[in-house]
Amino acid sequence: PIGMLPAEVLNGEGLLSNDGNEHRWIDLQNRSKSGKIIVAKLDIAKNGELNGQIQLNLQGYEALQVRQKFANYEHTLSEEEPSSASLQEYELFKDSLTNLHEYDLPLKGKGTYQSQEFTQVGGDRIYLNPMLHYAPKENPLKATERKSPVDFSYPFSTFTSMSFTVPEGYVVEEVPKSERIQWEDKAIRFDYLVSVQDNLIQISCRTFVNRAVFAPEEYPNLRESFAKIVAKQNEQIVLKKK
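Since the structure is predicted, the reported quantities are computational estimates derived from the model, not experimental observations.

(A) Region of the structure containing the environment of lysine 142. Within the secondary structure, lysine 142 is located in the loop between strand E7 (125–128) and strand E8 (150–151). You can call lysine 142 exposed: its relative accessible area is 52%. Sequence separation of lysine 142 and alanine 227 is 85 residues, and the distance between their C-alpha atoms is 9.6 Å. In this structure lysine 142 touches Tyr219 and Arg223, once residues within four positions along its chain are discounted. One polar contact links the side chain of lysine 142 to the main-chain carbonyl oxygen of asparagine 139, over a distance of 3.2 Å.

This is the structure:
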């Protein structure tokens, strides 16, 4: 979109030169919000299969990254393996995508989901990773120390709402506990809320990274926060046969 620089060239400020007569520093940060919203309503079958609908809504740089990948899938054969998360995402939403080439508008999609990839059936129990492929599998901050700032390029947020209907004949034996992680200045905030009512399990997960750059002295706390966020999003739901 107009006024939105590529993420890799964002560098705080840039020098504006106007015909050689005016020189001044300007803020390069994009003011539009960058975020991802995922809303899923899924039924759990007795064999562990999940069936239902998933909706996608992306804005800003989050939308731009996915648009570039999806546009490539439209016109060429991807070099990625068919099991890659981005290609799976495209296959899920390709028939319902709106605003794929209208960069000023949110990228939206709605697809029918059917899979047993994130469930396991063992004995009289069903084990489910409720965040599906929308949860990171490992902490992106791997180094134990950092001598330079961490630069995410832009602030961003993610919101994932997952609803599961428990199959007849099963009860909820275990669900993740609700949790909040919040820095004093709210630069990092994570809310994970779980609700169980009758045969419906609802999980609401929000992650906010409210500034792009974190100083080296903040790194230990940042790394620990991301470790907790990743661990929480990979906790399982356990259902037991009555």
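From this point, things continue past the structure.
(B) Quick peek at the side chain of glutamate 62. Tracing the chain through its elements places glutamate 62 in helix H1 (residues 60–75). Despite being buried, glutamate 62 has no salt bridge partner; lysine 36 is the closest side chain of opposite charge, sitting 4.8 Å away. When sequence neighbours within four positions are dropped, the list of residues in contact with glutamate 62 reads Ser34, Gly35, Lys36, Tyr154 and Phe156.

(C) Structural view of the packing of aromatic side chains. By the definition in use, this model includes 8 aromatic pairs. Ring centres 6.0 Å apart and planes at 70 degrees place the aromatic pair phenylalanine 152 and phenylalanine 156 in the edge-to-face group. Aromatic side chains phenylalanine 152 and phenylalanine 214 sit 5.9 Å apart centroid to centroid with 85 degrees between the ring planes, which places their arrangement in the edge-to-face category. Taken together, the positions of phenylalanine 152 in the loop between E8 and strand E9 (156–165) and phenylalanine 214 in strand E14 (residues 213–214) put the pair 62 residues apart, joining distant regions of the chain. Relative accessible area serves as the criterion here: at 0%, phenylalanine 214 is assigned to the buried category. An aromatic cluster is built from Tyr61, Phe152, Tyr154, Phe156, Trp183, Phe214 and Phe226, whose rings are joined through pairwise contacts.

(D) Geometry of the sheet that holds E7. Across the sheet, which stays open at both edges, the 4 strands sit in the order E6-E7-E15-E10 with antiparallel pairing between neighbours. This sheet does not close on itself; its edge strands, each paired only once, are strand E6 (119–122) and strand E10 (170–174). Within the sheet, the average angular offset between the axes of one strand and its neighbour, ignoring direction, is 25 degrees. As judged from the 4 bridges shared by E10 and strand E15 (residues 237–241), these two strands associate in the antiparallel manner. Considered in E15, the bridge of tyrosine 170 is made with lysine 241.

(E) Seen up close, the nonpolar core. Within the largest apolar cluster, 41 residues are counted, with the highest numbers of intra-cluster contacts made by Ile54, Leu132 and Phe164. For phenylalanine 164, the contacting residues outside a window of four places in its chain are Leu42, Ile44, Leu50, Leu128, Pro130, Asn199, Leu200, Ile201 and Ile237.

What counts and what doesn't
Residues numbered from 1 in each chain as written. Predicted model: local features only at pLDDT ≥ 70, side-chain atom pairs only at ≥ 80, totals over all residues. Heavy atoms only, no water. Helix = DSSP H or I, 4+ residues; strand = E, 2+ residues; numbered from the N terminus. Buried < 20%, exposed > 50% of the residue type's maximum accessible area, 1.4 Å probe, protein only. Contact = heavy atoms within 4.5 Å. Polar contact = N/O pair within 3.5 Å; in protein donor to acceptor, adjacent residues only side chain to side chain. Lys, Arg positive; Asp, Glu negative; His and termini not counted. Salt bridge = Lys/Arg side-chain N within 4 Å of Asp/Glu carboxyl O. Phe/Tyr/Trp six-rings, centres within 6.5 Å; stacked < 30°, edge-to-face > 60°. Pairing = 2+ DSSP bridges. Axes fitted to C-alpha atoms, helices over the stretch in contact; angles between N-to-C directions. Core = buried A, V, L, I, M, F, W, Y, C linked by side-chain atoms within 4.5 Å.

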